[in-house]
Amino acid sequence: MSPARLIDGKQIAADVRSEIKRDAAVLIARGVRPSLVVVLVGDDPASHVYVRNKDKAAVEAGFAVRTVQLSATTTQRDLERVVGELNEDRSVHGILVQMPLPQGLDARAIIDAIDPDKDVDGLTPTNVAALALGRAGHRPCTPAGCLVLLDRHDIALEGRDVVVLGRSMLVGKPFLLLALERNATVTIAHSKTRDLAAVVARADIVVAAVGRAGLVRGAWIKPGAAVLDVGINRLENGRIQGDVDFESARERAGWITPVPGGVGPMTIAMLLSNTLASAARAAGG
Ligand code: NAD
């Protein structure tokens, strides 16, 4: 078998971002500039890098973007007050609270405080329920980005066996619902799953979102399957590796995302997409 074709997330994300920029320009001409506010608490270095990347992408798309930087000693009440003010501010279309929050802060309560219309991460109870009910709402960025990667390569989900590794609210569970909505037959594997290899071997599409470098072996992959690797694992040598053993998996897969340059860039593109949708709604269409 010839090696898998690469799913170039970097290129697809760039395409999506330029489409967003074009659509944003139309809104801006009507007097509404999409506006994103990122709330960053404390000084976690990785969070600072993520926020810088989001900031840069938003500026490039023509959005207004602002970071509210708060000290690591911010109280729950103060953070909820900041979120409340952003909820009320009509010039703000998207609010993102960068995770993880410093210890002592209740992340779930903060997410719950975000106005669902401005919840561009798609994590509030209202948006989670909207996804489960098949209603309109902001979809979580990383799983929505996975779907776009499949769509842009015409990799159909309908009737296919999809195996998702990981059951987080951020990736695994929402991807399960998105894939179900597309009429896939979906299995979720998790830390208590027995015989992961046998479960993965059934999949036409594998989505790995665990956080364990090289967990998925090439020998497990059904020949020709599409493999989306969400994992971001920093190795001791500083390199980033996904959850899939890329070299062995690419020998059997039909399609595969690299790490980095696969799913990662799509997350930011979908964040912009949700913010644009929110701005369009605020502009009345
Ligand atoms: P999480 O820690 O919340 O969830 C991990 C999941 O993996 C859990 O549901 C757990 O049951 C499951 N799991 C643990 N061990 C397992 C095993 N041996 N077999 C099968 N499942 C197992 O993680 P998360 O927030 O969903 O993130 C997962 C990975 O994706 C991390 O590496 C994270 O950095 C990465 N991530 C990447 C992006 C991106 O933009 N590319 C976005 C979010 C998360």
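None of the values given here were measured: they were computed from a predicted structure. (Residues numbered from 1 in each chain as written. Predicted model: local features only at pLDDT ≥ 70, side-chain atom pairs only at ≥ 80, totals over all residues. Heavy atoms only, no water.)

We now examine the overall build of the chain. The helix and strand inventory of the chain stands at 10 helices and 11 strands. Computed over the C-alpha atoms, the radius of gyration of the chain is 19 Å, within 12% of the 19 Å expected from 2.2 N^0.38 for a compact globule of 285 residues. With the C-alpha coordinates aligned to their principal axes, the bounding extent of the chain is approximately 55 × 40 × 35 Å. Taking all 285 residues of the chain together, the buried fraction comes to 48%. Within the chain, contacts between residues separated by at least 24 positions form 70% of all contacts whose residues are at least 6 apart in sequence. (Helix = DSSP H or I, 4+ residues; strand = E, 2+ residues; numbered from the N terminus. Rg over C-alpha atoms; globule rule 2.2 N^0.38 Å. Buried < 20%, exposed > 50% of the residue type's maximum accessible area, 1.4 Å probe, protein only. Contact = heavy atoms within 4.5 Å.)

A word on the sheet that holds strand S3 (residues 64-70). Taking strand neighbours across the sheet as the criterion, the 3 strands line up as S3-S2-S4 in an open arrangement whose pairing is parallel. Among the strands making up the open sheet, the edge pair consists of S3 and strand S4 (94-97). Looking at each pair of strands side by side, their axes are set apart by 15 degrees on average, direction ignored. Of the pairings in the sheet, the one linking strand S2 (residues 35-41) to S4 comprises 4 bridges and is parallel in character. From the neighbouring strand, Val39 faces S4, where its bridge partner is Val97. Of the strands in this sheet, S2, S3 and S4 touch helix H2 (residues 45-60), which is tilted by about 160 degrees from S3. (Pairing = 2+ DSSP bridges. Axes fitted to C-alpha atoms, helices over the stretch in contact; angles between N-to-C directions.)

Turning to the side chain of Thr257, a few remarks are in order. Within the secondary structure, Thr257 sits in the loop between strand S11 (255-256) and helix H10 (264-282). Looking at Thr257, its side chain comes within polar contact range of the main-chain nitrogen of Asp229, at 2.8 Å. (Polar contact = N/O pair within 3.5 Å; in protein donor to acceptor, adjacent residues only side chain to side chain.)

Attention now goes to the layout of surface pockets. Each pocket or cavity is described by its volume, and for the largest pocket that value is around 1,700 Å³. Residue lining of the largest pocket: 50 residues in total, with Tyr50, Thr142, Ile232, Gly264 and Thr267 positioned closest to the centre. Secondary-structure elements contributing two or more residues to the lining of the largest pocket are helix H1 (9-29), H2, S4, helix H4 (107-113), helix H6 (141-152) and H10. Sort the elements by how many residues they give to the lining of the largest pocket and H2 lands first, with 10 residues. Residue classes in the lining of the largest pocket are distributed as 29 nonpolar, 11 polar and 10 charged. Of the domains in this structure, domain 1 (31-115) and domain 2 (140-264) are the two that each give at least three residues to the lining of the largest pocket. (1 Å grid on protein atoms, 1.4 Å probe; cavity = no way out; pocket = protein on both sides within 12 Å on 5 of 7 lines; lining within 4 Å. Points joined across faces, edges and corners; volume = space filled by probe spheres on them. Nonpolar A, V, L, I, M, F, W, Y, C, P; charged D, E, K, R; others polar. Domains from an automatic or database assignment.)

To continue, consider the environment of Ala179. For Ala179, the position within the fold is in helix H7 (residues 172-181). Along the backbone, Ala179 and Arg52 are 127 residues apart, and their C-alpha atoms lie at a distance of 31 Å. For Ala179, the contacting residues outside a window of four places in its chain are Leu157, Val162, Ala184 and Val186.

What follows concerns the pattern of salt bridges. Summed over the entire model, instances satisfying the criterion amount to 11 salt bridges. Arg182 is paired through a salt bridge with Asp151; the nearest N and O atoms lie 2.7 Å apart. Taken together, the residues Arg182 in the loop between H7 and strand S6 (185-189) and Asp151 in helix H6 connect sequence positions 31 residues apart. Under the relative-accessibility criterion, Arg182 is labelled partly exposed at 32%. A salt bridge links Asp204 to Arg160, with the nearest nitrogen and oxygen atoms 3.9 Å apart. Residue Asp204 is found in the loop between helix H8 (196-201) and strand S7 (205-208), and its partner Arg160 is found in the loop between H6 and strand S5 (161-165); the two are separated by 44 residues along the sequence. Assessed through its relative accessible area of 15%, Asp204 is described here as buried. Members of the salt-bridge network, linked through shared partners, are Asp78, Arg81 and Glu85. (Salt bridge = Lys/Arg side-chain N within 4 Å of Asp/Glu carboxyl O.)

What follows deals with the site of the ligand. Surveying the vicinity of the ligand reveals 21 residues, the closest of which are Arg167, Ser168, Val230, Ile232 and Thr267. Residue Arg167 places a main-chain N or O atom 2.8 Å away from an oxygen atom belonging to the ligand. Between the ligand and Ser168, the relevant distance is 2.5 Å, taken from an oxygen atom to a side-chain nitrogen or oxygen of the residue. Look at the ligand: alone it shows 860 Å² of surface, and the protein chains cover 73% of it. (Near = heavy atom within 4 Å. Areas by Shrake-Rupley, 256 points an atom, 1.4 Å probe, with all protein chains shown as cover.)

What follows covers the domain arrangement of the chain. Per the domain assignment, the segments of the chain are domain 1 (31-115) and domain 2 (140-264). The distance between the C-alpha centroids of domain 1 and domain 2 comes to 29 Å.

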